[in-house]
Amino acid sequence: MPLTRFAPSPTGYLHLGHAYSALLAAESSAFLLRIEDIDPVRCKPEFTDAIFEDLHWLGLTWPEPVRRQSQHLADYAATLDRLRSMGLVYPCFCTRGEIEREAQSAVHAPHALGLLYPGTCRSLSERERAEKLERRFAANWRLDVGAALRLTGSLFWHDRAKGRVEARPEIFGDVVLARKDVATSYHLSVTVDDHVQGISLVTRGEDLFTSTHIHRLLQALLGYETPEYFHHALLKDAAGRRYAKRDKSVTLRHLREQGKTAQEIVGEVFCR
Ligand code: GLU
């Protein structure tokens, strides 16, 4: 039986879409809960408590202790060091405004996935980098995706919904692996944790499908095994819209207060 996980970020109360994802994960696999709380501004302890409460109410159980990413920042820093010693990450001192201006003046069309980093700091010399770091300029640490791909060659993963998928991490440009303010990122911490926890099936919504291009590359660089993936379709409301944390009326907490039972919620999310 595969080992999968449900890995919410405690930035709000869980809603029907989360219930669907968690129940789907637990349905046919051994199941872990992980709390992805690396963002100290948006993550709140009361939302973490509510995640435990709401999932228990739905009837889900998982082994303790639950991994909380905020307690493992040293693991992510050590992994970033490994990539640094391979010459695959570099400090980027650009501000968002500078990146926008540079991208606008570039010949490339605007990028479908948002602002594509033009690679300005990739060409700084070791000396320039050292000088800036010494003067305590805050840096984001970026993955040199071109150099990384030259090392790994073509990469693939298997997705239960989409079959064999070729990883194309270059579509993101040189992604940030550690931020100025938080010394890690979603991409780095999720890849490390899935490895450390021995996850063999990553179950998550299809909104995170494109992130897997990066995760697959990191796995290859770090010598991790690649789990199987299941990027499931997102649950939508009657009007065809995705559920959002800001809509209080669809939170599990609110529905419970309105008198809904856990069984009704299970029935509802699987009958959509
Ligand atoms: N923490 C992420 C979120 O709440 C999910 C991460 C994942 O499943 O890979 O959107």
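Residues numbered from 1 in each chain as written. Predicted model: local features only at pLDDT ≥ 70, side-chain atom pairs only at ≥ 80, totals over all residues. Heavy atoms only, no water.

(A) Summary view of the site of the ligand. In the neighbourhood of the ligand, the contacting residues comprise R5, A7, P8, S9, E36, Y186, V190, R204 and L208. At 2.7 Å from a nitrogen atom of the ligand is found a main-chain nitrogen or oxygen belonging to A7. In this structure, R204 approaches the ligand through a side-chain N or O atom, which is 2.8 Å from an oxygen atom. For the ligand, the protein covers 79% of the area, taking 300 Å² as the surface of the free molecule. (Near = heavy atom within 4 Å. Polar contact = N/O pair within 3.5 Å; in protein donor to acceptor, adjacent residues only side chain to side chain. Areas by Shrake-Rupley, 256 points an atom, 1.4 Å probe, with all protein chains shown as cover.)

(B) Fine view of the pattern of salt bridges. Summed over the entire model, instances satisfying the criterion amount to 21 salt bridges. The partner of R160 in a salt bridge is E228, and the shortest N-O contact between them spans 3.3 Å. Of this pair, R160 sits in the loop between strand 6 (156-159) and strand 7 (163-166) while E228 sits in strand 10 (residues 228-232), and the two are 68 residues apart along the sequence. Through salt bridges that share partners, R5, R34, E36, R67, D75, D193 and D194 make up one connected network. (Salt bridge = Lys/Arg side-chain N within 4 Å of Asp/Glu carboxyl O. Helix = DSSP H or I, 4+ residues; strand = E, 2+ residues; numbered from the N terminus.)

(C) The nonpolar core, seen in detail. Core analysis: the largest hydrophobic core is formed by 42 residues, its most contacted members being C121, L143 and L177. Looking at this core, the elements that each hand over two or more residues are helix 3 (73-85), strand 4 (89-92), strand 5 (140-143), helix 6 (145-152), strand 8 (176-178), helix 7 (186-196) and helix 8 (211-222). At five residues, the largest contribution of residues to this core is made by helix 8. Aside from chain neighbours lying at most four places away, what touches L143 is L88, V89, Y90, A148, D174, V175, L177, L217, L218 and L221. Counting residues in each nonpolar core, the second largest holds 26 residues, with A22, L24, L58 and L255 among its members. (Core = buried A, V, L, I, M, F, W, Y, C linked by side-chain atoms within 4.5 Å. Buried < 20%, exposed > 50% of the residue type's maximum accessible area, 1.4 Å probe, protein only. Contact = heavy atoms within 4.5 Å.)

(D) View of the packing of aromatic side chains. Under the defined criterion, the tally for this structure stands at five aromatic pairs. Connected via pairs of aromatic rings, a cluster forms that spans W157, F209 and Y229. The ring of F93 is capped by K132, whose NZ or CZ atom sits 5.6 Å from the centre of that ring. Positioned above the aromatic ring of Y117 is the side chain of R142, whose terminal nitrogen or guanidinium carbon lies 3.6 Å from the ring centre. (Phe/Tyr/Trp six-rings, centres within 6.5 Å; stacked < 30°, edge-to-face > 60°. Lys NZ or Arg CZ within 6 Å of the ring centre and 35° of its normal.)

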